Amino acid sequence: MKKGKSKSYDEIFEALQQEYTLEEIAESFVFPGPQGPEREAMLAEFTAFRKHARATETPEEKLIVRMLELRFQVQHYLKTDAVDEHLHFAHFLKEYITRLAKTNKDFAADIDIDPAELSLVLNRRRQPTDKLIYRLQIHSNENFPAVLWFKLLEKERAYELSRNKELIDKERKHVKKGLTFSFKKLSK
Amino acid sequence: MFLHEYVTGKCHPAIIELMTKKDFDVVKRDKGRFKFDWHKYKLQICEVYKLQLKRTNIILGLICLTEHCKETADAIEISLIEVSAENRGKGKQYGNIAGCLIAFACQQSIEKDHGGYVLLAPKTRLLKHYQTAYGPLYTYQNRRKATRYHVPGWRRGRPSD
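Predicted model only: the values in this text are computed from it and were never measured.

Conventions adopted
Residues numbered from 1 in each chain as written. Chains lettered and ligands numbered in written order. Predicted model: local features only at pLDDT ≥ 70, side-chain atom pairs only at ≥ 80, totals over all residues. Heavy atoms only, no water. Buried < 20%, exposed > 50% of the residue type's maximum accessible area, 1.4 Å probe, protein only. Helix = DSSP H or I, 4+ residues; strand = E, 2+ residues; numbered from the N terminus. Pairing = 2+ DSSP bridges. Contact = heavy atoms within 4.5 Å. Buried area = accessible area lost by both parts, 1.4 Å probe. Salt bridge = Lys/Arg side-chain N within 4 Å of Asp/Glu carboxyl O. Axes fitted to C-alpha atoms, helices over the stretch in contact; angles between N-to-C directions. Parallel < 35°, antiparallel > 145°, perpendicular 65-115°, else oblique. Nonpolar A, V, L, I, M, F, W, Y, C, P; charged D, E, K, R; others polar. Core = buried A, V, L, I, M, F, W, Y, C linked by side-chain atoms within 4.5 Å.

Engineer: Residue-level account of the pairing of strand 1 (residues 2-5) of chain B, with values.
Structural biologist: All names here are of chain B. In strand 1, alternate side chains face the same way, and those of Leu-3 and Glu-5 are buried while those of Phe-2 and His-4 on the opposite face are not. Sheet topology note: the strand 1/strand 2 (residues 11-18) ladder contains 3 bridges and is antiparallel. By the bridge assignment for strand 2, Leu-3 is matched with His-12. As defined by bridge partners, strand 1 adjoins strand 6 (residues 94-95) across 2 bridges and the pair is classed as antiparallel.

Written out as structure tokens, the structure is:
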């Protein structure tokens, strides 16, 4: 082989077999599939399979995917530092209920909560109680644990605290002999 | 997600992120740890991700994903995976790197609205070992060619938190 020319995948596969068992190779590599017309045929066949799978998907399978998608959305939002004022606790709870294809009233009955209380929470007029959050954990069979909901509330609360300038100014007059330096200014 | 360190028995948090231009240069120079020519996937339509421990910036594994839109295969294709040399075979340092990368592909498939379907076309000789390592995959034989297998659905994967 010429210097500088990279090995083909078949050559790499053959070389790996001198060093590792097939099981070990499978644990560490996925090689590219076929190319050209063979790849086209493979994709066409898979497309047909996928179409059939979509058409025959059971309601439970659909629900699993929808709920997994929602859980990833929540986790992704909690992971990022950015705050989106539309992505609050009530938004994700509304999504949860929508994905179940239930009315708010039916869902309130499922978790034995007064429909009026649920409505207040969904419209952000009342903070959710611990009781509601634990019932969400139980309802979701722990797929949406209480901690996940609490973290959403925490993020929402942190955002509100940082933006409540009026209250900060009101409280300022009650504080004396505070620190005189600021990390923000020191780092500049 | 967490990687299991064999020597200490401890689990270490790991992250998966998109490869940067600098990462591709690092991998290209690191021929002793990676055998595939990852550089040629840099400018293609697929996306290349790296797995590394949270506390270090050493790349331990790579995955190349190709998205197939709803009108076609409606899935995420695992085009390529490679685990770094020190994490392969009997004396490996960390375990389940490829498993985490595959779970990540499943997560991408859910997030990108492909229903959790992941596609790969394994080498025939490796197929049963993929099934052993990553669970009972739904597979079927291509009727046109008896030796070719597809892995149409890999919906079991739920990435660890």
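Moving on from the coordinates now.
Engineer: Provide a residue-level description of the pairing of strand 2 of chain B, including the pertinent values.
Structural biologist: Residue and element names in this part refer to chain B. If you look at the hairpin formed by strand 1 and strand 2, you'll find 5 residues sitting between the two strands, and Gly-9 has a positive phi there, around 80°. Bridge count between strand 2 and strand 3 (residues 47-53): 5 bridges; the pairing is antiparallel. By the bridge assignment for strand 3, Ile-16 is matched with Leu-51.

Engineer: An account of the interface of chain B and chain A is needed here, citing residue identities and associated values.
Structural biologist: Of the residues lining the interface, 59 residues belong to chain B; the matching set on chain A comes to 45 residues. Counting the surface lost from both chain B and chain A, the interface buries some 4600 Å², and carbon and sulfur atoms represent 58% of this. Among the residues of chain B in contact with chain A, Ile110(B), Lys123(B) and Arg125(B) are the three that bury the most area, contributing 13% of the side total. In this structure, Arg39(A) and Glu77(B) form a salt bridge, with 2.8 Å as the shortest nitrogen-oxygen distance.

Engineer: Go over the packing of helix 5 (residues 89-99) of chain A against helix 7 (residues 115-122) of chain A with me, naming the residues and quoting the values.
Structural biologist: All names here are of chain A. Two numbers describe how helix 5 lies on helix 7: the axes approach to 8 Å, and their chain directions differ by 125°. Overall, the two elements helix 5 and helix 7 adopt an arrangement that is oblique. In this structure, helix 5 uses Phe-89, Ala-90, Leu-93, Lys-94 and Ile-97 to contact helix 7, whose residues at the interface are Leu-118, Val-121 and Leu-122. Residue composition of the contact of helix 5 with helix 7, grouped by class: 7 nonpolar, no polar and 1 charged.

Engineer: Just give me the short version of the nonpolar core, but keep the residues and values in it.
Structural biologist: Formed by 51 residues in total, the largest nonpolar core has its most connected members in Phe31(A), Leu3(B), Leu51(B) and Ile78(B). Setting aside residues up to four positions removed in sequence, Leu51(B) forms contacts with Met1(B), Leu3(B), Ala14(B), Ile15(B), Ile16(B), Ile58(B), Ile59(B), Leu60(B), Gly61(B), Ile97(B), Cys100(B) and Leu101(B). By size, the runner-up hydrophobic cluster in this structure holds 26 residues, among which are Val74(A), Tyr77(A), Ile133(A) and Phe144(A).

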